[in-house]
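Take a look at the letters that make up each chain.
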Amino acid sequence: MHDLNFFRSNLDAIAARLATRGMTLDTAGFRELDARRRAALTETETLRAQRNSESQEIAKLKKAGGDTGQQQAKVRGIGERIAALDEQVKAVDEEFQALMKGIPNVPHESVPVGGGAEDNVEVHRIGEPPQFSFEPKAHWDLGPELGILDFERAAKVTGARFAVYWGLGARLERALINFMLDVHTREHGYTEVLPPFLVNSASLYGTGQLPKFAADLFKCENSDFWLAPTAEVPVTNLYRDETLDADKLPISLCAYTPCFRSEAGAYGKDVRGIIRQHQFQKVELVKFTLPDQSHAELEKLTSDAEDILRRLGIAFRRVLLCTGDTGFSSAKTYDLEAWLPGQNAYREISSCSNFEAFQARRAGIRAKSAKGKPEFAHTLNGSGLAVGRTWVAIVENFQQADGSVVVPEALRPYLNAERITPQAKLT
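The rules behind these values
Residues numbered from 1 in each chain as written. Predicted model: local features only at pLDDT ≥ 70, side-chain atom pairs only at ≥ 80, totals over all residues. Heavy atoms only, no water. Axes fitted to C-alpha atoms, helices over the stretch in contact; angles between N-to-C directions. Helix = DSSP H or I, 4+ residues; strand = E, 2+ residues; numbered from the N terminus. Parallel < 35°, antiparallel > 145°, perpendicular 65-115°, else oblique. Left-handed = near helix turned anticlockwise from the far one by under 90°. Contact = heavy atoms within 4.5 Å. Nonpolar A, V, L, I, M, F, W, Y, C, P; charged D, E, K, R; others polar. Phe/Tyr/Trp six-rings, centres within 6.5 Å; stacked < 30°, edge-to-face > 60°. Buried < 20%, exposed > 50% of the residue type's maximum accessible area, 1.4 Å probe, protein only. Pairing = 2+ DSSP bridges.

Draft legend 1. Representation of the packing of helix α7 (residues 167-186) against helix α10 (residues 294-312). As a packed pair, α7 and α10 sit with axes 11 Å apart at the nearest point and diverge in direction by 125°. Considering the angle they form, α7 stands oblique to α10. Where α7 crosses over α10, the handedness of that crossing is right-handed. Between α7 and α10, the contacting residues are Leu 176, Phe 179, Met 180, Val 183 and His 184 on the first element and Asp 304, Ala 305, Asp 307, Ile 308, Arg 311 and Leu 312 on the second. By residue class, the composition of the contact of α7 with α10 is 7 nonpolar, 1 polar and 3 charged.

In structure tokens, the structure reads:
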């Protein structure tokens, strides 16, 4: 959500910046609707003041024993006009709020202008992709061959785009979750949170998923519960409608949750393997900061996510998303892309964003020092990391000619194994 006064005062400049992300803002329509809304509000306030004044005159006339019939008729007429205007204001305000809710965040000035992923800017590359003396396999072949990944039984139990992990495959997923949480809490300064996995509509509105992206979510029937698409939603909304102590910011939180997405907008993409699933696990990093801290904290948060990849020995690159590829609520986003040998490409494994005040304004999250005035906080989040995609990166990058997978040293204490070899099948 935008600061309305700032939005009005800078409408043309904002419209020009929004155009770089593919949105055409009807400035004339906005001004006309805003003017109608403000005119109706002004007239309503004027009439209410007039009614109060007339009511006081009636009281005086009654006290003096005078005839109040004419004044009472006038007050009734004013009341009827106010009632009609209230309905008009309600209708116009709903239209106006719907318009404002559909306007994405304004990209930060440091975000490059571009139409899509092809215009994103690579910031740096860390590590070298491994060289193999054999043709590396993709995880969707290697996992089933090792007996650690099962798509057929998942499809039987639930449907397409789900997976069952067996044996060391399941333990590798759990090891990654624990490893990520331990690094972020013990070394990067985050406080671990275990939030609910179901969220309400107000929470999804606060972080920007509703109303625009309802089709990408799973809703529980006959309730106001939705399956959380990411821990960003419950963790950010922990402070909804609260005023934080500015002197204690930034607040850094991390959380493991399963995530659920319908992937309605990704039909036909990544249909093989576990790159794009309806259910997946993720460790999320969330920050609440003062406005002048947020972009420095974005750099730190992104570096914290990178540190997991460094410790695992996975080659990756950082990419700054252009305006046309930046998400609805974000002002600036970095993607981290891990090298996947089985696909001979870098693929997204983390997305780290600064939302500035966009989410905080929707969710009512403010910050105030003892001497200052309340102001909207800035919110940030990023995957630290997407667990399933990290699982894929390990299996594909550390595969061996004999079909086994070497476990990165950082994970061995968690997995209690140095190598994943074909698992004995239960059936």
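Draft legend 2. Region of the structure containing the environment of Ala 370. Relative to the assigned elements, Ala 370 resides in the loop between β13 (366-368) and β14 (375-376). In sequence terms Ala 370 and Arg 186 are 184 residues apart; their C-alpha atoms lie 30 Å from each other.

Draft legend 3. A look at the packing of aromatic side chains. Applying the stated criterion to the full structure yields 9 aromatic pairs. Both rings, one in Tyr 165 and one in Trp 391, keep their centres 5.3 Å apart while their planes meet at 80°; by these two values the pair is edge-to-face. Placement of the pair is Tyr 165 in strand β3 (residues 164-165) and Trp 391 in helix α12 (residues 387-397), with a sequence separation of 226 residues. Since its relative accessible area comes to 22%, Tyr 165 is described here as partly exposed. For Trp 391, a relative accessible area of 0% translates into the label buried. Ring centres 5.9 Å apart and planes at 75° place the aromatic pair Phe 179 and Tyr 414 in the edge-to-face group. Pair noted here: Phe 179 is in helix α7 and Tyr 414 is in helix α13 (residues 412-415), with a separation of 235 residues, a long-range link. Three or more aromatic residues joined by ring pairs form one cluster here, namely Phe 7, Phe 30 and Phe 96.

Draft legend 4. Main features of the sheet that holds strand β12 (residues 345-354). The strand order across the open sheet built from 8 strands is β1-β10-β11-β12-β15-β9-β8-β4, with neighbouring strands paired in mixed fashion. Strand pairing shows two members of the sheet lacking a second neighbour, β1 (121-126) and β4 (191-193), which therefore form its edges. In this sheet, adjacent strand axes meet at a mean angle of 25° when their direction is disregarded. For strand β11 (residues 332-340) and β12, the ladder comprises 9 bridges, and the chain directions are antiparallel. Counted as the bridge partner of Tyr 334 is Cys 352 from β12. Of the strands in this sheet, β9 (279-289), β11, β12 and β15 (378-386) are in contact with α12, which crosses β15 at around 35°.

Draft legend 5. Expanded view of the pairing of β9. Of all 11 residues in β9, 10 are buried, a share of seventy percent or more. By the bridge criterion, 10 bridges tie strand β8 (residues 251-260) to β9 in an arrangement that is antiparallel. Bridge assignment links Thr 257 to a residue of β9, and that residue is Lys 282. In terms of strand pairing, β9 meets β15 through 7 bridges, oriented antiparallel. Note on β15: the bridge partner recorded for Thr 289 is His 378.

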